[in-house]
Amino acid sequence: MTTLRLGYVPLVDAAPLIVAQELGFAAEEGLRLDLVRLGAWAQARDMLGAGAIDAAHMLVPMPVAQALGLGPSLPTMDLVMFLSHGGQVIVVNRDLEKRLRGMGHDFAFADAVAAGAALHRAATGRLRIGVPFPFSTHAELVRHWLSRCGFGADAFDLVTVPPPLMADALARGEVEAICVGEPWASVAVDRGLAALLLPGTAIWAAPPEKGLVLRRDLAETRPNQTGALMRAIWRAGRWLDDADHRGTAAEIIARPGYLDLPPELVERGLTGRMTISAGGELRGSGDLVTFHRGGASFPWKSLAALFAQRIALAHGLDPRSAMDRAMAHFRTDLYRQHLRPAGAPLPGASQRLEGMLAADRTVAAERGSMILRADGFFDGFTFDPMAPVPGR
Amino acid sequence: MSKRLLILVVEPDPDRAQPIADGLQQAGGHEVHIIAEQSGLARQVADLRPDLVLIDMANPSRDVLEELALASGPTERPVAMFVDRSDEDLTRRAIEAGISAYVVDGLRPERIKPILDAAITRFHIFQQMRAELAATRAALEERKIIDRAKAVLMKARGLDEEAAYGLLRKTAMDQGKRLGDVAQQLVMAAGLLGR
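Residues numbered from 1 in each chain as written. Chains lettered and ligands numbered in written order. Predicted model: local features only at pLDDT ≥ 70, side-chain atom pairs only at ≥ 80, totals over all residues.

## Quick look at the overall build of chain A
Each helix and strand counted, chain A has 16 helices and 15 strands in total. Computed over the C-alpha atoms, the radius of gyration of chain A is 20 Å, within 12% of the 21 Å expected from 2.2 N^0.38 for a compact globule of 392 residues. Along the three orthogonal principal directions, the C-alpha set of chain A runs to about 60 × 50 × 40 Å. Within the span of chain A, comprising 392 residues, buried residues form 56% of the whole. Long-range contacts, defined here as pairs at least 24 residues apart, represent 75% of the contacts in chain A between residues at least 6 apart. (Helix = DSSP H or I, 4+ residues; strand = E, 2+ residues; numbered from the N terminus. Rg over C-alpha atoms; globule rule 2.2 N^0.38 Å. Buried ≥ 20, exposed ≤ 12 C-beta atoms within 10 Å, placed from the backbone. Contact = placed C-beta atoms within 7 Å.)

Now the structure itself:
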């Protein structure tokens, strides 16, 4: 048995790491996972860099930012697979909720066009929205959504708020809305502070959210351990995407050693059965978070390019070279090498046009065919990693 | 004589923050300011314009400082920058001690090093204290379990306290297990059997 230390931030989407250890997927590969609970995203990055943990649960745009030099000087890090898609929830405070309802918005928790248009009408002054980290899918989702719903760049501010402090920030009026992963959106609702407006998947059907990140030197010099870890987590993700397992998963990850929260609260984010308002209204969002289905764990290089282009433009870096650099850190080669033996479906290419699939589609794979998840944006946006950068 | 630096320590626990602040003052006579209240941290840091911010690596509010470090544009006075990039050993030691430092742009490495060294020492002392406290608690917990196991044996086998303890010890030695583990198993089994 080899022991690997894995850092995770206590969120619902840490489930693949916890399930890999608790249900024996790690043991099957000869691994014992020592799961280290972390308090901050920057801590995951720094501990991984210092070698204090072997792998980390990390926001997908973080290794991109690190590759672009927008972080401390640490050893090179690579994302070897996605751990989850989706799971982000956009939440408005009670005051905004009241104004939105007053204008007839139905809080259907589904339609990004209707919710965006209503929010644009309801907003007074500069809208302040809390996100968990400057480099997060949350930040990119909100920017994309608001800019396509009539908000100019100076009509809103994104403010970094640590998720455990999000509800307090809403209560004190520091932010009027938040975009956050579960269970923190539900916590804000249960405290009577907010209503859920939209799941992240209503803006972008398959937004990659968390990735498994390793130091490049260790990933390459310890291929057996890297492969064993990837396969254990991949199988945990497959188990998690059986809808019948989500309730059990909630009980496991809610335990005191992990999220230490009531299972009922944790279950909402995993099953997509959300209580969206203080009044107790329920809404279903079946695909709120996906761990495995439709090739969800494949780390498309084109997604590295998509985040890199946006981050580069926001920080005054050359986008083309940023995209090229970031793509080298999404290790589709390691994914193919280590998950092929486990029977993972492998797409023929490692980059593609993003946002092209309005519905799930069967495509040719390395062997036979595979189903790829729908990945459309609400506004029909598409991204070509090879195309010239717009607006330059 | 170089000017005194303004150092911020972001730490909600006063028992922890004060020794760190004292240590930093002794190390170089710098002005040290403690921020305990995490709300509005970005605004507090921006108002105070510190030269250096120290924070527990696991403090969720670190991610707020990350944003500040990025937000400082070329024209404004940078609020904070990531810890000096040139000294990898110092960075690694700070991470191992569980401390993060955000340093104003342009502050010379030879000025940062003694401050960080002092902070790392204090963080280590605190971590040690915390580990010792945890060990003491665990020992207390174990003694309670052993007392309960003794009580189970005394009742079930009609032994006196000394004999019950002797039996527990002998069982542990025979099985090559820790006394606390044997006691724990016994108490759990007794619970299952409704004794």
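## Description of the overall build of chain B
In terms of helices and strands, chain B carries 7 helices and 5 strands. The linear arrangement of helices and strands in chain B, starting from the amino end, is β-α-β-α-β-α-β-α-β-α-α-α. The burial tally for chain B puts 33% of its 195 residues in the buried class. Of the contacts formed within chain B by residues at least 6 apart in sequence, a portion of 57% connects residues at least 24 apart.

## With respect to the sheet that holds strand 13 (residues 289-290) of chain A
Paired through their backbone hydrogen bonds, the strands of a sheet run either parallel or antiparallel. What the 6 strands build is an open sheet, ordered 2-1-3-10-4-13 (chain A); its pairing is mixed. Every other strand in the sheet has two partners, leaving strand 2 (31-37) and strand 13 of chain A as the edge strands with one partner each. (Pairing = 2+ DSSP bridges.)

## With respect to the domain arrangement of chain A
Residues and elements named next belong to chain A. Under the domain assignment used here, chain A contains domain 1 (2-84 + 209-256 + 291-344) and domain 2 (88-206 + 273-289). Placing the centre of domain 1 and that of domain 2 at their C-alpha centroids yields a distance of 26 Å. Domain 1 puts 16 residues into the contact, and the matching count from domain 2 is 12 residues. Listed by contribution, the elements that provide at least two residues to the side of domain 1 that touches domain 2 are helix 4 (61-67) and helix 14 (301-314). Sort the elements by how many residues they give to the side of domain 1 that touches domain 2 and helix 4 lands first, with 4 residues. Within the side of domain 1 that touches domain 2, the residues separate by chemical class into 12 nonpolar, 1 polar and 3 charged. (Domains from an automatic or database assignment. Nonpolar A, V, L, I, M, F, W, Y, C, P; charged D, E, K, R; others polar.)

## Details of the interface of chain B and chain A
Each side of the interface is counted separately: chain B has 23 residues, and chain A has 24 residues. Counting residues per element, the ones that place at least two in the side of chain B that touches chain A are helix 3 (62-71) and helix 4 (88-97) of chain B. Among the elements that line the side of chain B that touches chain A, the one with the most residues is helix 3 of chain B, at 6 residues.

## With respect to the UniProt feature "modified residue: 4-aspartylphosphate" (unreviewed entry) in chain B
Residues and elements named next belong to chain B. Per the UniProt annotation, the sites labelled "modified residue: 4-aspartylphosphate" (unreviewed entry) are Asp 56. Its place among the elements puts Asp 56 in strand 3 (residues 52-56). When the 25 C-beta atoms within 10 Å are taken as the criterion, Asp 56 is described as buried. Look past the residues within four positions of Asp 56 in its chain and what remains in contact with it is Glu 11, Gly 98 and Ile 99. (UniProt positions renumbered as here; feature names shortened; annotations may be inferred.)

## What to know about the UniProt feature "domain: ANTAR" (unreviewed entry) in chain B
Sequence positions flagged by UniProt for "domain: ANTAR" (unreviewed entry) are, in local numbering, residues 126-187 of chain B. Helix makes up 90% of residues 126-187 of chain B and strand 0%, with an end-to-end C-alpha separation of 35 Å.

## Things to note about helix 13 (residues 263-271) of chain A
Residues A:Val266, A:Glu267, A:Arg268, A:Gly269 and A:Leu270 constitute the buried set of helix 13 of chain A. Packing partners of the buried residues in helix 13 of chain A comprise helix 9 (184-190), helix 12 (246-253), strand 11 (273-275) and strand 13 of chain A.

## Some thoughts on the nonpolar core
By size, the foremost hydrophobic cluster in this structure holds 176 residues, and its most contacted members are A:Val91, A:Ala308 and A:Ala326. Not counting chain neighbours up to four residues away, the residues in contact with A:Ala308 comprise A:Val64, A:Leu68, A:Ala322, A:Met323 and A:Ala326. With 9 residues, the next largest nonpolar core counts B:Ile145, B:Ala149, B:Leu168 and B:Leu186 among its residues. (Core = buried A, V, L, I, M, F, W, Y, C linked by C-beta atoms within 7 Å.)

## A closer look at the pairing of strand 10 (residues 208-215) of chain A
Residues and elements named next belong to chain A. Taking burial as the measure, the 8 residues of strand 10 include 8 buried ones, the bulk of the element. Summarising the sheet, strand 3 (residues 55-59) and strand 10 pair through 5 bridges and their orientation is antiparallel. Pairing of His 57 across the sheet is with Leu 212, part of strand 10. Bridging between strand 4 (residues 77-86) and strand 10 involves 7 bridges; their strand directions are antiparallel. Residue pairing for strand 10: Asp 78 is matched across the bridge by Leu 214.

## Overview of the sheet that holds strand 7 (residues 156-160) of chain A
Residues and elements named next belong to chain A. Spatial strand order, 7-6-8-5-9: 5 strands in an open sheet with mixed pairing. Each edge of the open sheet is held by one strand with a lone partner, namely strand 7 and strand 9 (194-199). On average, adjacent strands in this sheet sit at an angle of 25° to one another, irrespective of strand direction. Looking at chain direction, strand 6 (residues 127-131) and strand 7 are connected through 5 bridges and run parallel. When the sheet's bridge partners are listed, Leu 127 is paired in strand 7 with Phe 156. (Axes fitted to C-alpha atoms, helices over the stretch in contact; angles between N-to-C directions.)

## Considering helix 3 (residues 41-50) of chain A
Count 3.6 residues to each turn of an α-helix, and residues three or four apart come out pointing the same way. Residue and element names in this part refer to chain A. Counting buried positions along helix 3 gives 9 out of 10 residues, so the element sits mostly inside the fold. Of the residues making up helix 3, those classed as buried are Trp 41, Ala 42, Gln 43, Ala 44, Arg 45, Asp 46, Met 47, Leu 48 and Gly 49. Phi turns positive, to about 80°, at Gly 51, one or two residues after helix 3.

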